[in-house]
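# Structural characterization, general
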Amino acid sequence: MICEKIIGNIKDADTVEKSVDKVHIDWFEHGKRLLKKATEKGEEIGIKVTSPLNDGDILYEDAERIIVVELDPCELIEIPVRDTVEMGRLCFEIGNRHISPAIEPKRVRIPYDEPTMDYLLRLGFKATRMHDKFSGYIECRGHSHGGHEHSHE
């Protein structure tokens, strides 16, 4: 089966009479336009969508069943922030490392990796490791500093 559109979200659906079958995705797959996956019940599906997948998105529905996206939890770094100065400093540091952040008023969450965790602790942030779903993040893309020449003569 090929699923080519998101037709709603499970939180808005009537599932009383229907079987819910989940297809699991990792956080870094949510923006992919083409995926081949198997549902929990073993059905192979192709996902060909034009917008990012979110937790609870419905990919298929008929009279008996619904196929729903389930965003799998992963290891994250949670960094609490006290004020805008600390938020700015933190976002500068993780932006320079091209890490995608989920920014909230009092905390930032990023995917876990040990070197980044050590780096943030050395900088004095109160970073902790956690296991949760990673969504609502700003996708950070790499860039280049090449392609332009200048001098300081």
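Check the entry above for the structure.
Below: a short report on this structure. What you see is a predicted model; the values in this text were computed from it and never measured.

Here we come to the sheet that holds strand β8 (residues 102–103). With antiparallel pairing, the four strands of this open sheet are ordered in space as β8-β9-β7-β10. Either end of the sheet is taken by a strand with one partner, and the two such strands are β8 and β10 (128–132). Alignment of β8 against strand β9 (residues 107–111), held across two bridges, turns out to be antiparallel. Residue pairing for β9: Ala-102 is matched across the bridge by Arg-109. Across the sheet, helix α1 (residues 84–96) lies against β7 (74–80), β8 and β9, angled at about 15° from β9, the strand it touches most. Against the sheet, helix α2 (residues 114–122) engages β7, β9 and β10, with an angle of about 10° to β7.

Attention now goes to the pattern of salt bridges. Applying the stated criterion to the full structure yields 13 salt bridges. The shortest N-O distance in the salt bridge between Arg-65 and Asp-62 comes to 3.8 Å. Since its relative accessible area comes to 22%, Arg-65 is described here as partly exposed. With a relative accessible area of 22%, Asp-62 lands in the partly exposed category. Among the salt bridges present, the one from Glu-78 reaches Arg-107, with a minimum N-O distance of 2.5 Å. One end of the pair, Glu-78, is in strand β7; the other, Arg-107, is in strand β9, and 29 residues separate them in sequence. Residue classification places Glu-78 among the partly exposed residues on the basis of a relative accessible area of 21%. Take Arg-107: its relative accessible area is 21%, and that puts it in the partly exposed class.

Strand pairing in a sheet relies on backbone hydrogen bonds. The paired strands run either parallel or antiparallel. Reading across from one edge, β1-β4-β3 is the order of the three strands in this open sheet, with mixed pairing throughout. Pairing within the sheet leaves two strands with one partner each, and these edge strands are β1 (2–3) and β3 (34–38). As defined by bridge partners, β3 adjoins strand β4 (residues 44–48) across five bridges and the pair is classed as antiparallel. Following the sheet pairing, Leu-35 is matched in β4 by Ile-47.

On to the environment of Ile-2. Within the secondary structure, Ile-2 sits in strand β1. The class for Ile-2 is exposed, based on a relative accessible area of 58%. Sequence spacing of Ile-2 and Ala-127 is 125 residues, and the spatial spacing of their C-alpha atoms is 41 Å. Those residues in contact with Ile-2 that lie beyond four places of it in its chain are Gly-46 and Lys-48.

Side chains of nonpolar character tend, in soluble globular proteins, to be buried together. Counting 19 residues, the largest nonpolar core has Val-23, Ile-45, Ile-47, Leu-53, Leu-59 and Phe-134 as the members making the most contacts within it. Mapped by element, the contributors of at least two residues to this core are β2 (19–25), β4, β6 (65–71) and β7. For Leu-59, the contacting residues outside a window of four places in its chain are Cys-3, Lys-5, Ile-6, Ile-7, Val-23, Ile-45, Ile-47, Leu-53, Ile-67 and Val-69. Within the second largest apolar cluster, 13 residues are counted, among which are Ile-77, Met-87, Met-117 and Phe-125.

Thresholds, definitions, all that
- Residues numbered from 1 in each chain as written.
- Predicted model: local features only at pLDDT ≥ 70, side-chain atom pairs only at ≥ 80, totals over all residues.
- Heavy atoms only, no water.
- Pairing = 2+ DSSP bridges.
- Helix = DSSP H or I, 4+ residues; strand = E, 2+ residues; numbered from the N terminus.
- Contact = heavy atoms within 4.5 Å.
- Axes fitted to C-alpha atoms, helices over the stretch in contact; angles between N-to-C directions.
- Salt bridge = Lys/Arg side-chain N within 4 Å of Asp/Glu carboxyl O.
- Buried < 20%, exposed > 50% of the residue type's maximum accessible area, 1.4 Å probe, protein only.
- Core = buried A, V, L, I, M, F, W, Y, C linked by side-chain atoms within 4.5 Å.

In short, the description is geometric, and any link to function would need to be established separately.
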